[in-house]
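# Structure assessment
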Amino acid sequence: MTENNHVVRLLTALGVALLLYVVLLPGNGIMAQPVRERLPVPELTYVVEPIIQGESGLLRVSLTFQGDASGSSRLLLPLEWAEGVGLYRAIRNIQSLSEDTKIEDTKEPHVKIVHHRPNTRVSLSYEVVSQPPGTKLTREIYYYPVLRPSYFYVMGQALWVYPDMPESNPLHLSLHWKNIPDGWALINSFGLSKSRQKVNTTLQSFREGTFLAGDYRIKTIIINKEPVYAVIRGGFGFTDEEFHKLVKQIFQVTRDFWKARGFPHYYVALLPTDDVSGRTGGEGRTNSFILYVPKDSNLSEHRHTLAHELFHEWNPRRLGGFELISGVEDERLYWFSEGFTDYYASLLLLRAGLFSLEDYVAGYNSLIKDYYTSPVRLLTAAEMVQKRKTSYEVERLFYRRGAVLAHYWDIAIRSATNNKSSLDEVMRSLLKSAKAKGVSLSHKRIAHALHPYLGERGTRDIEKYIDRGELVPADNPFGTCAIAEVNNYHPWDMGFEAAKSFKTRVISGVKPDSNAHRAGLRDGQKWVSGGYVHGDPNRLTKLTVIEGDKQKVVQFYPASPEAILLPQYKLKPDISAEERARCLSQLGVPAAVQRKSQSVKK
């Protein structure tokens, strides 16, 4: 009876709503107007052809799109991305291929206005030119088009000219790679060895793609019955096979963690740079990850970078992305997207057998030290957002604070559940809810995922350690395997404005109670010679300065006069194999990996 009444009420309400859309038109009777008009999905067609010109080259691109009903369409050129600025300068010779079409410049160099017939298909062409031959191939150069006689590599943000449209809306794409030289490998974020591609995506994902062809070596690696392509060009201090093995191990442990399926296409590209050893970089892109590596570097240096960037495929991307507040992403959430990703990068390397327990303990100690000794460690979340783009220390604080909080919560969850649950369940519950509800990441949603294990503590901790910036406790995540030592530590502190003084060659900002002041350093002295090592309070600083008409040498240790209590952990020297195995099991290390590690030690 109740169900029938409910149906009647629904139909009655629907009838009233429909009547609102009935329009009486004289002479035409009654006509129902549609409630919502379905807008067509925009279509873009690109044809790309590499043109080799001596030691360099260019890409000739044609674009076709549906012109606006007004007869004028706003056209956007590449502007900037990360370390690539003024990217529109690589776009040359924009020409119309359609009748009655004119391209007009604007006051903004990356914006053009295309005048055309209303609602007509518009075609135009342009050229993408490379950095000059002989340009040193540093990590930053890869943010610009790189085109050489034997290959090209271009990020979408540096390649595509496109009509202005919402970046998150659905988009139909047609790509045609024309006259690719014989013997060149062809791969991008949307397929392998496909000269013609049909792609349903968004403009954002399209522009965040990577597009390359040439003398790349491609290896297909199967992870959970799905392909991952390892792409390499150039030579390194390690073999292709060693890189392939590393990719397989990291992808396997990461996808197993998320219980992930549904990756028909993904690739990792290893690109050589002319940078000094140790100056590496990496970036997660659409269906791809790019690793920029000095030619003489050691492969082990890149394990954490690769694991970190791969984890970003889920955090925050598949967890829903950052919540929008007044149309702007909530940047406070970087503690979660970067800090938790750093935490899991190390933990998954341990679970894959790529880190030893000793490596993991050393990494945790380094994290605590960097966090507890940071001069900005007590900033509030609002202060961090305000200062992150102008301060390296503030930017790193998002990573450090988030990673220590991840350890802290994992320890708390394991303790509360007698090691039956861990932070892993929280992360997977966030993924499950994002799939089911299409929700975004927020402090409230993270606290809700913690609630089954920690109750209201999650909300309180976020307010205390993130919003107010109080110091996160550094508890012991290693159980009975490690013991804590609390040291009186004097953090690095130059005691004056070292960077500014080095630039002006005049000492400034000397603190009255600092070691520098006690040694005789004063504002206004001329800096003649000497230098300092950033971040090392135990490295003696020697500066030659001139005060008045006298020259002198000032020596001091760049350490703060005030000590902090710094917790550090070390494995027990008499730890048994059984105790080590128990501690590793609590950290989620599979028994098979533990046995393999033991056999390697023997």
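Here's what I pulled together on the structure shown here. Note that this is a predicted model, so its numbers are computed, not measured.

Glancing now at the sheet that holds strand S15 (residues 191-192). What the five strands build is an open sheet, ordered S10-S11-S17-S14-S15; its pairing is antiparallel. The open sheet is flanked by strand S10 (146-148) and S15, the only strands paired with a single partner. For strand S14 (residues 185-188) and strand S17 (residues 210-214), the ladder comprises four bridges, and the chain directions are antiparallel. Note that in S17 the partner of isoleucine 187 across the bridge is leucine 212.

Now for the packing of aromatic side chains. Within a pair of aromatic rings, the relevant descriptors are the distance that separates the centres and the angle that separates the planes. Summed over all chains, the structure comprises 41 aromatic pairs. Centre to centre, the rings of tyrosine 143 and tyrosine 292 are 6.4 Å apart; their planes meet at 50°, and the pair counts as tilted. Taken together, the positions of tyrosine 143 in the loop between strand S9 (121-129) and S10 and tyrosine 292 in strand S22 (residues 288-294) put the pair 149 residues apart, joining distant regions of the chain. Each ring, one from phenylalanine 340 and one from tryptophan 409, has its centre 6.0 Å from the other, and the planes form 65°; the classification is edge-to-face. Remark: tryptophan 409 occurs in helix H9 (residues 392-416) and phenylalanine 340 occurs in helix H6 (residues 334-351); sequence separation between them is 69 residues. By way of ring pairs, the aromatic residues Phe251, Phe257, Trp258, Phe263, Tyr266, Phe311, Trp314, Tyr343 and Tyr344 are connected into one cluster. A cation over a ring is seen here: arginine 233 above tyrosine 151, with NZ or CZ 3.6 Å from the ring centre. Here the basic side chain of arginine 505 rests over the ring of phenylalanine 502, its NZ or CZ set 4.9 Å away from the ring centre.

Glancing now at the state of the cysteines. A complete count under the given rule lists one disulfide for this structure. Sulfur-sulfur distance for the disulfide between cysteine 481 and cysteine 583 comes to 1.9 Å. Taking the sign of the torsion about the S-S bond as the criterion, the disulfide between cysteine 481 and cysteine 583, at about 105°, is right-handed. With cysteine 481 in the loop between helix H12 (457-467) and strand S25 (482-489) and cysteine 583 in helix H15 (residues 577-586), this pair connects stretches of sequence that are 102 residues apart. Among the residues examined, cysteine 583 registers a relative accessible area of 4% and is labelled buried.

This part takes up unusual backbone geometry. Between asparagine 315 and proline 316 the backbone carries a cis peptide bond, its omega angle lying at 10°. Mapped onto the fold, proline 316 is located in the loop between helix H5 (303-311) and strand S23 (324-325). Located in the positive-phi region is asparagine 93, a residue other than glycine, with phi close to 55°. With a phi angle near 55°, lysine 259 is a residue other than glycine that sits in the positive phi range. Inspection of the secondary structure assignment puts lysine 259 in the loop between helix H4 (240-258) and strand S20 (267-273). With a relative accessible area of 60%, lysine 259 lands in the exposed category.

As a further point, take the pattern of salt bridges. Pairing is possible between side chains of opposite charge, provided their charged atoms come close. The full count for this structure, using the stated rule, is 30 salt bridges. Here glutamate 393 and arginine 400 are joined by a salt bridge, their closest N and O atoms 3.1 Å apart. Residues lysine 572 and glutamate 579 are paired through a salt bridge, measuring 3.1 Å at the closest nitrogen-oxygen approach. On the accessibility criterion, lysine 572 (23% relative accessible area) is partly exposed. By relative accessible area, glutamate 579 is classed as buried at 13%. Taken together, the salt bridges that share partners define one network made up of Arg139, Glu140, Asp275 and Arg279.

Moving on, we get to the nonpolar core. With 99 residues, the main nonpolar core has Phe243, Trp335, Trp409 and Leu423 as its most contacted residues. Contacts of leucine 423, omitting those with residues within four sequence positions, involve Phe340, Tyr343, Tyr344, Ala406, Trp409, Asp410, Ile413 and Leu450. Core analysis: the next-biggest nonpolar cluster, separate from the first, contains 61 residues, Met155, Ala158, Trp160 and Trp177 among them.

Looking at H12, one finds that the buried residues are Gly458, Asp461, Ile462, Tyr465 and Ile466. The arc that holds the buried residues of H12, viewed along the axis, is 100°, so those residues lie on one side. Those residues of H12 that are buried lie in contact with H6, helix H8 (381-387), H9 and helix H11 (443-454).

Neither face of S14 is exposed, since Ala185 and Ile187 on one face and Leu186 and Asn188 on the opposite face are all buried. Pairing between S14 and S15: two bridges, direction antiparallel. Looking across to S15, one finds that isoleucine 187 is bridged to leucine 192. Where S14 folds back onto S15 in an antiparallel hairpin, the turn is made up of two residues.

So, about the pairing of strand S11 (residues 151-155). For S11, the buried fraction is high: five of the five residues fall into the buried class. Taking every second residue as pointing to the same face, both faces of S11 are buried, with Tyr151, Tyr153 and Met155 on one and Phe152 and Val154 on the other. Sheet analysis places S10 next to S11, joined by three bridges and oriented antiparallel. Across the sheet, the residue bridging to leucine 147 is phenylalanine 152, located in S11. The turn linking S10 back onto S11 is made up of two residues. Pairing geometry for S11 and S17, over five bridges, is antiparallel. In the strand pairing of S17, tyrosine 153 is matched with leucine 212.

Thresholds, definitions, all that
- Residues numbered from 1 in each chain as written.
- Predicted model: local features only at pLDDT ≥ 70, side-chain atom pairs only at ≥ 80, totals over all residues.
- Heavy atoms only, no water.
- Pairing = 2+ DSSP bridges.
- Helix = DSSP H or I, 4+ residues; strand = E, 2+ residues; numbered from the N terminus.
- Phe/Tyr/Trp six-rings, centres within 6.5 Å; stacked < 30°, edge-to-face > 60°.
- Lys NZ or Arg CZ within 6 Å of the ring centre and 35° of its normal.
- Disulfide = S-S within 2.5 Å.
- Buried < 20%, exposed > 50% of the residue type's maximum accessible area, 1.4 Å probe, protein only.
- Salt bridge = Lys/Arg side-chain N within 4 Å of Asp/Glu carboxyl O.
- Core = buried A, V, L, I, M, F, W, Y, C linked by side-chain atoms within 4.5 Å.
- Contact = heavy atoms within 4.5 Å.
- Arc of directions from axis to C-beta.

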